[in-house]
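Now for the letters of each chain:
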Amino acid sequence: MPNQPLDDRGVFLLSQIGHHVSYLFTARLAPLGLEPAHFGILTHLVAVDGRSQQELADLLNVHRNAMVGLVDELEERGLVRRGRHPTDRRAHAVHLTERARRALAEAEAEAEAIENEILAPLDEAERANLIQQLRRLSSHAGLPPGIHPGLQRRRRATPSV
């Protein structure tokens, strides 16, 4: 339809809300010393602590060199420590620190608060339906579950002075 208003276009609305949520989440993670990419990595490490950098890179579909930079950032912030991998002496195992566990708990609370704020107009059934529909769209787009495509394009953060 020519001259269709933007707020009648689903992709515009998804982009608008996605940008808004990304901005909110980034702002709320900043006081914790985290970025959304860090949150993603830490969340995956909670599931299986001690993964190798290569396993994390493969899991998150991030180039191994980019993963080294991300793990460097997390290590510099005291959120992970590298150690010997128990089965591969060429690999480094990445372990969460207690500081990371505390920061992640706070970050998860922020994520939950943002979700509640954004989805406040919806009742539980509508929320469940929205999540189901978004998963369907994500799958159709070929996006791996639980992996943000922004990780693949991320550059190392500049150190604060």
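A brief structural summary. All figures in this text were calculated on a predicted structure; none of them were measured in a lab. (Residues numbered from 1 in each chain as written. Predicted model: local features only at pLDDT ≥ 70, side-chain atom pairs only at ≥ 80, totals over all residues. Heavy atoms only, no water.)

Moving on, we get to the overall build of the chain. Of the regular secondary structure elements, the chain holds 7 helices and 2 strands. When the helices and strands of the chain are placed in sequence order, the string is α-α-α-α-β-β-α-α-α. Summarising its shape, the C-alpha atoms of the chain cover approximately 60 × 35 × 30 Å along the three principal directions. Within the chain, the proportion of its 161 residues that are buried is 29%. Sequence-distant contacts in the chain: of pairs separated by 6 or more residues, those separated by 24 or more amount to 57%. Counting only carbon and sulfur atoms, one obtains 54% of the accessible surface of the chain, whose full area is about 10,900 Å². Positive and negative side-chain charges of the chain, numbering 20 and 21 respectively, have mean locations separated by a distance of 9 Å. (Helix = DSSP H or I, 4+ residues; strand = E, 2+ residues; numbered from the N terminus. Buried < 20%, exposed > 50% of the residue type's maximum accessible area, 1.4 Å probe, protein only. Contact = heavy atoms within 4.5 Å. Areas by Shrake-Rupley, 256 points an atom, 1.4 Å probe, with all protein chains shown as cover. Lys, Arg positive; Asp, Glu negative; His and termini not counted. Charge placed at Lys NZ, Arg CZ, Asp CG, Glu CD.)

Our next topic: helix 3 (residues 53-60). Regarding helix 3, the residues found buried are Gln53, Leu56, Ala57 and Leu60. The arc enclosing the buried residues of helix 3, seen along the axis, measures out at 100°, which places them on a common side. Looking one or two residues past helix 3, asparagine 61 carries a phi angle of roughly 55°, positive in sign. (Arc of directions from axis to C-beta.)

Turning our eyes to something else, we now look at the pairing of strand 2 (residues 92-96). Across the 5 residues of strand 2, 4 count as buried, placing the element largely inside the fold. The pairing of strand 1 (residues 80-84) with strand 2 spans 5 bridges and is antiparallel. Paired with arginine 84 across the two strands is histidine 92, which belongs to strand 2. (Pairing = 2+ DSSP bridges.)

Take the nonpolar core next. In this structure, Ile41, Leu42, Met67 and Val80 are the most contacted members of the largest nonpolar core, which totals 28 residues. Elements that contribute at least two residues to this core include exactly helix 1 (10-29), helix 2 (36-47), helix 3, helix 4 (64-76), strand 2 and helix 5 (98-118). Once you skip the residues sitting within four places of it in the chain, leucine 42 turns out to touch Leu34, Leu74, Leu79, Val80, Leu96, Ala100 and Leu104. (Core = buried A, V, L, I, M, F, W, Y, C linked by side-chain atoms within 4.5 Å.)

Counted under the stated rule, the structure contains 1 aromatic pair. Between phenylalanine 25 and phenylalanine 39 the ring centres are 5.1 Å apart and the planes differ by 85°, which places this aromatic pair in the edge-to-face class. Taken together, the positions of phenylalanine 25 in helix 1 and phenylalanine 39 in helix 2 put the pair 14 residues apart, joining distant regions of the chain. When sorted by exposure, phenylalanine 25 lands in the same class as phenylalanine 39, which is buried. (Phe/Tyr/Trp six-rings, centres within 6.5 Å; stacked < 30°, edge-to-face > 60°.)

Moving on: the pattern of salt bridges. Evaluated as defined, the whole model comprises 8 salt bridges. One salt bridge connects arginine 77 with glutamate 35, and the closest N-O pair in it is separated by 3.4 Å. One end of the pair, arginine 77, is in the loop between helix 4 and strand 1; the other, glutamate 35, is in the loop between helix 1 and helix 2, and 42 residues separate them in sequence. Linking arginine 101 and aspartate 49 is a salt bridge whose minimum nitrogen-to-oxygen distance equals 3.4 Å. Taken together, the residues span a long stretch of sequence, with arginine 101 in helix 5 and aspartate 49 in the loop between helix 2 and helix 3 at a distance of 52 residues. Residue arginine 101 is classed as partly exposed on the basis of its relative accessible area of 35%. Taking relative accessible area as the criterion, aspartate 49 reaches 31% and is therefore assigned partly exposed. (Salt bridge = Lys/Arg side-chain N within 4 Å of Asp/Glu carboxyl O.)

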